[in-house]
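Each chain is listed here by its residues.
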Amino acid sequence: MGSSRRTINSCLRWMWYHRNYIIIVVLPLALLPLPLVIPTQEAKCGYAIILMALYWCTECMPLAVTALLPVVLFPMMGIMKAADVSIEYLKDSNMLFIGGLLVAIAVEQWNLHTRIALRVLLLVGVRPALLMMGFMIVSSFLSMWISNSATTAMMLPIASAVLQQLKATEAQADEREFQAATQDNQAFELEISKSKQEMSEEKHPDTKAQLDNGQCENGLSAESLQDSKRRVMDEKYALLTKGMSLSVCYAASIGGTATLTGTTPNIILKGQIDKLFPGNGDVINFASWFGFAFPNALIMLVLAYFWLLFMFLGFNLKKSFGCGVNNDRDKEAYKVMRQEYKKLGSVRFAEWAVLIIFVLLVVLWFSREPGFIDGWATVLFNKGGPFVSDGTVAIFMSMLFFIIPSQRPRCGGYGTDENGQTVNSPPTLLSWQVVHERMPWNIILLLGGGFALAAGSEESGLSKWLGDCLAPLEQIPPFAISLVLSLLVATFTECSSNTATTTLFLPILASMAVSIKIHPLYVMLPCTIAASLAFMLPVATPPNAIAFAFGKLKVIDMVKAGFMLNIIGILSVNLGVNTWGYAMFDMGNIPHWVNITNSKP
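The rules behind each value
Every chain begins its residue count from 1, and numbering advances along the sequence as written. For a predicted model such as this one, the threshold for reporting local features is a pLDDT of at least 70, and the threshold for listing and counting side-chain atom pairs is 80 or more; totals across whole chains, interfaces and linings nevertheless cover every residue. To obtain the side-chain values, all non-hydrogen atoms of the structure were used and water was disregarded. Comment: elements are numbered from the N terminus, with helices defined as DSSP H or I runs of at least four residues and strands as E runs of at least two. Accessible area is worked out with a 1.4 Å probe on protein chains only. A residue is then buried under 20% of its type maximum, exposed over 50%, and partly exposed in between. In what follows, a contact means two residues having at least one pair of non-hydrogen atoms within 4.5 Å. For accessible areas, the Shrake-Rupley method is used with a probe of radius 1.4 Å. Any residue's cover is judged against the shown protein chains and nothing else. When a carboxyl oxygen of Asp or Glu is within 4 Å of a side-chain nitrogen of Lys or Arg, the pair counts as a salt bridge. In this text, buried Ala, Val, Leu, Ile, Met, Phe, Trp, Tyr and Cys residues form a nonpolar core when linked through side-chain atoms within 4.5 Å. The domain limits used here are those given by an automatic or database domain assignment. To count toward a patch, a residue needs a relative accessible area above 30% and no salt bridge. Like charges then connect within 9 Å, nonpolar side chains (Val, Leu, Ile, Met, Phe, Trp, Tyr) within 5 Å. Two N or O atoms count as a polar contact when they lie within 3.5 Å, although within protein this holds only if one can serve as hydrogen donor and the other as acceptor, and sequence-adjacent residues are included solely when both atoms are side-chain atoms. Given the number of residues in a helix, its expected span is that number minus one, multiplied by 1.5 Å. Fitting one axis to the seven residues ending at a residue and another to the seven starting there, the bend at that residue is the angle between the two axes. What the arc covers is the set of directions going from the helix axis to the C-beta atoms. Pairing of aromatic side chains here covers Phe, Tyr and the six-membered ring of Trp, requires ring centres within 6.5 Å, and sorts the geometry by plane angle: under 30 degrees stacked, over 60 edge-to-face, intermediate tilted. Under this scheme, a helix contributes an axis fitted over its contacting stretch, all axes are lines through C-alpha atoms, and angles between N-to-C directions fall in the 0 to 180 degree range. What sets the label is the angle itself: under 35 degrees gives roughly parallel, over 145 gives roughly antiparallel, 65 to 115 gives roughly perpendicular, and the rest give oblique. Crossings are classed by handedness, with left-handed meaning an anticlockwise turn of the near helix from the far one by less than a right angle and right-handed meaning a clockwise turn. Note on residue classes: Ala, Val, Leu, Ile, Met, Phe, Trp, Tyr, Cys and Pro are nonpolar, Asp, Glu, Lys and Arg are charged, and everything else, Gly too, is polar.

Regarding the overall build of the protein chain
Part 1 of the argument: Regarding its fold elements, the protein chain presents 29 helices and zero strands.
Part 2 of the argument: Buried residues in the protein chain amount to 47% of all 601 residues.
Part 3 of the argument: Counting contacts in the protein chain only where the partners sit at least 6 residues apart, residues at least 24 apart contribute 79% of the total.
Part 4 of the argument: With an accessible surface of roughly 29500 Å², the protein chain has 64% of that area assigned to carbon and sulfur atoms.

A short note on the pattern of salt bridges
Part 1 of the argument: The full count for this structure, using the stated rule, is ten salt bridges.
Part 2 of the argument: Between Glu88 and Lys275 there is a salt bridge; the shortest N-O distance is 2.7 Å. Of the two residues, Glu88 sits in the loop between helix H7 (82-87) and helix H8 (92-109) while Lys275 sits in helix H14 (residues 264-276), which places them 187 residues apart along the sequence. By the burial criterion, Glu88 is buried, and Lys275 matches it.
Part 3 of the argument: Among the salt bridges present, the one from Lys270 reaches Asp274, with a minimum N-O distance of 3.2 Å. Of the two residues, Lys270 and Asp274 are both situated in helix H14; the distance of four residues between them amounts to about one turn of the helix.
Part 4 of the argument: On the basis of relative accessibility, which here comes to 2%, the residue Lys270 falls in the buried class.
Part 5 of the argument: Using a relative accessible area of 26% as the deciding quantity, one classes Asp274 as partly exposed.
Part 6 of the argument: Counted as one network, the salt bridges with shared partners bring together Lys270, Asp274, Asp282, Arg368 and Asp390.

A word on the nonpolar core
Part 1 of the argument: Membership of the largest hydrophobic core comes to 161 residues, with the highest contact counts inside it found for Trp56, Phe135, Met155, Leu246, Tyr250 and Val523.
Part 2 of the argument: With 13 residues, the top contributor of residues to this core is helix H15 (residues 286-312).
Part 3 of the argument: Both domain 1 (17-82) and domain 2 (92-177 + 229-320 + 329-594) contribute no fewer than three residues apiece to this core.
Part 4 of the argument: With residues up to four places along the chain from it excluded, the contact list for Phe135 reads Leu121, Met155, Ile158, Ala159, Met244 and Val248.

Digging into a nonpolar patch on the surface
Part 1 of the argument: Side chains of Val25, Val26, Leu29, Leu32, Leu36, Val37 and Ile38 sit close together on the surface and give an oily, nonpolar patch of about 670 Å² of accessible area.
Part 2 of the argument: The set of elements that each furnish at least two residues to the nonpolar patch consists of helix H2 (19-31) and helix H3 (33-37).
Part 3 of the argument: For the nonpolar patch, the element with the highest residue contribution is H2, accounting for three residues.
Part 4 of the argument: Within the element layout of this structure, Val26 appears in helix H2.
Part 5 of the argument: For Val26, a relative accessible area of 45% corresponds to the partly exposed category.

Observations concerning the side chain of Arg115
Part 1 of the argument: Assignment of secondary structure puts Arg115 in helix H9 (residues 112-124).
Part 2 of the argument: Owing to a relative accessible area of 8%, Arg115 belongs among the buried residues under this scheme.
Part 3 of the argument: A polar atom in the side chain of Arg115 sits 3.5 Å from the backbone oxygen of Ser346.
Part 4 of the argument: Setting aside its immediate chain neighbours within four residues, Arg115 contacts Tyr341, Leu344, Gly345, Ser346, Val347 and Glu351.

Some details on helix H25 (residues 498-515)
Part 1 of the argument: With 18 residues, H25 extends 25 Å from end C-alpha to end C-alpha; this agrees with the ideal 26 Å at 1.5 Å per step.
Part 2 of the argument: When the local axis directions of H25 are compared, the greatest deviation, roughly 25 degrees, occurs at Phe505, which is followed within four positions by the proline Pro507.
Part 3 of the argument: Lys517, located one to two residues past H25, shows a positive phi value of around 60 degrees.

Concerning helix H20 (residues 390-399)
Part 1 of the argument: The complete set of buried residues in H20 reads Asp390, Gly391, Val393, Ala394, Met397 and Ser398. In a view along the axis of H20, the buried residues occupy a sector of 160 degrees, so they form one face of it.
Part 2 of the argument: Residues of H20 that are buried sit in contact with H8, H15, helix H18 (349-368) and helix H19 (376-380).
Part 3 of the argument: One side-chain oxygen of the residue at the start of H20 lies 3.3 Å from the amide nitrogen of Gly391, identifying that residue as Ser389.

Here's the deal with the packing of aromatic side chains
Part 1 of the argument: Counted by the stated rule, this structure contains 18 aromatic pairs.
Part 2 of the argument: Ring centres 5.3 Å apart and planes at 85 degrees place the aromatic pair Phe286 and Phe366 in the edge-to-face group. Here Phe286 is found in helix H15, whereas its partner Phe366 is found in helix H18, with 80 residues between them in sequence.
Part 3 of the argument: Residue class for Phe366 comes out partly exposed when judged on its relative accessible area of 27%.

Some words on the packing of H9 against helix H10 (residues 128-143)
Part 1 of the argument: Taken N-terminus to C-terminus, the directions of H9 and H10 make an angle of 150 degrees; their axes are 9 Å apart at the nearest point. With respect to H10, the element H9 is oriented roughly antiparallel. Crossing geometry of H9 relative to H10 is assigned as right-handed. Residues His113, Ile116, Ala117, Val120, Leu121 and Val124 of H9 lie in contact with H10, whose contacting residues are Leu130, Gly134, Phe135, Val138, Phe141 and Leu142.

Considerations on the packing of helix H24 (residues 478-492) against helix H26 (residues 520-530)
Part 1 of the argument: Between H24 and H26, the least distance of the axes is 8 Å, while the angle of their chain directions is 25 degrees. Viewed along their axes, H24 and H26 adopt a mutual orientation that is roughly parallel. Between H24 and H26 lies a crossing of right-handed hand. Residues Pro478, Phe479, Ile481, Ser482, Leu485, Ser486, Val489 and Ala490 of H24 touch H26, and the partners they reach there are Tyr522, Val523, Pro526, Cys527 and Ala530.
Part 2 of the argument: Split into classes, the residues belonging to the contact of H24 with H26 amount to eleven nonpolar, two polar and no charged.

Structure follows, in structure tokens:
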């Protein structure tokens, strides 16, 4: 019996270690009856989508490799031609994504994000509540433009250094107070020791023995009191470290939802809308997305701040905010941030150049097609159609990083390179080697895989079939549909990549919206933002994983904090889609472009 049990355990262990290989082989065979028993185009496309969904959820293969499956499956199943599928992998939305990433790489290359972060923190102050507020503001702002992971990885070491200094300064202050109190007590005891000893011996004979042992009146030694105080301080800063780590990673995820290029699901939504509804008149662009998503991100950030403040610092306003009082501990911690800022030196020419290009890009994005007036693109280029897009602007401005030098032109040399040779011309702000190392090429393939899935669903008729199946939902109030679907997507994204989640859900939601006669954006917008509300598990997003490792967190800490933030996020985005979003996108009426289907190439 024992031998057979060991054999079974050994087999199970072997299967667990080789689970990825087993999943890759078994899943396609297990799903094969679907297209064989129901030999329709819809069933074949459904087979491909289910297979990709399970591969994405289990991550048995890299996500980007799974995203390439339509290139193989759609032509072999007769759903789409290989050339038509391949075109889907580099659309205008991918160009927008690449341009945004090039800007983020340039900002990181010249450390501009660190300078912005430290400058804001120096303005905010070092009181715990103010410090948390400062870190959340900076993290959310930076993640609007650079990746959430890069923001979290940069901010957490700064937070750790400041908290360590606060703790060390508080410990030194407590030690000084303890020594001063001890010296005062000794002086006081020298003055009255004789009379005190005589009185104690007459009235309480046991007191002399206690004083000789160094005990206080309550029976605790001074050293015990000091140790107890030190333990309380350690617990306080451990809790503060957890709260600060979570505040950074949560703020990064929230900030990423505020701009179209802030996180991948936003780009996927634009690509899917343009693919499924080609006559939409550029309803989702940088300006329109910002107009809807930024107020929502602001509401989420404020509510998240107060929730984390309550969980990790409490609502002792005088203690947390300080009410204008600066003690030695605050000054020492402030000095640490000041020293970190001084290490950056004066603002270099390259930093100014990157900042100017970045600001120009944002201004051009906002003014291209603001909506309430004709933008510069409409006046100059788009009179005959939508020729210039946000992607055009992003690529044009990011190309300047490969043209503008990183130093002011001057006579003479530009220093020496790594090999000690004289540099006769300055390098540009970005080199292709840096871009090649830092560009997440896998995300571009993931985006393309999502667009290919949407195209296959449309070509095969699967989208229409799904929409017809979901037609009974027309009897349910739209706000309830939006709320339930947001909750479903937010739950699903805790266990799956937000990119994969958005890619799988958005085409189905678009079909459902058309079928039940509601505005597609009414369900697609909240579900896209809900895909970024992965707050409960360390594996949900890279920022969560970084914070989990850095802040010495337990899973239960993240679950308790993240559950309420998920609820806050879902309620906030549904509030937005039923108020200012409802007016912005005229969601009370079915747009004319909903009935226009994508023409076959």
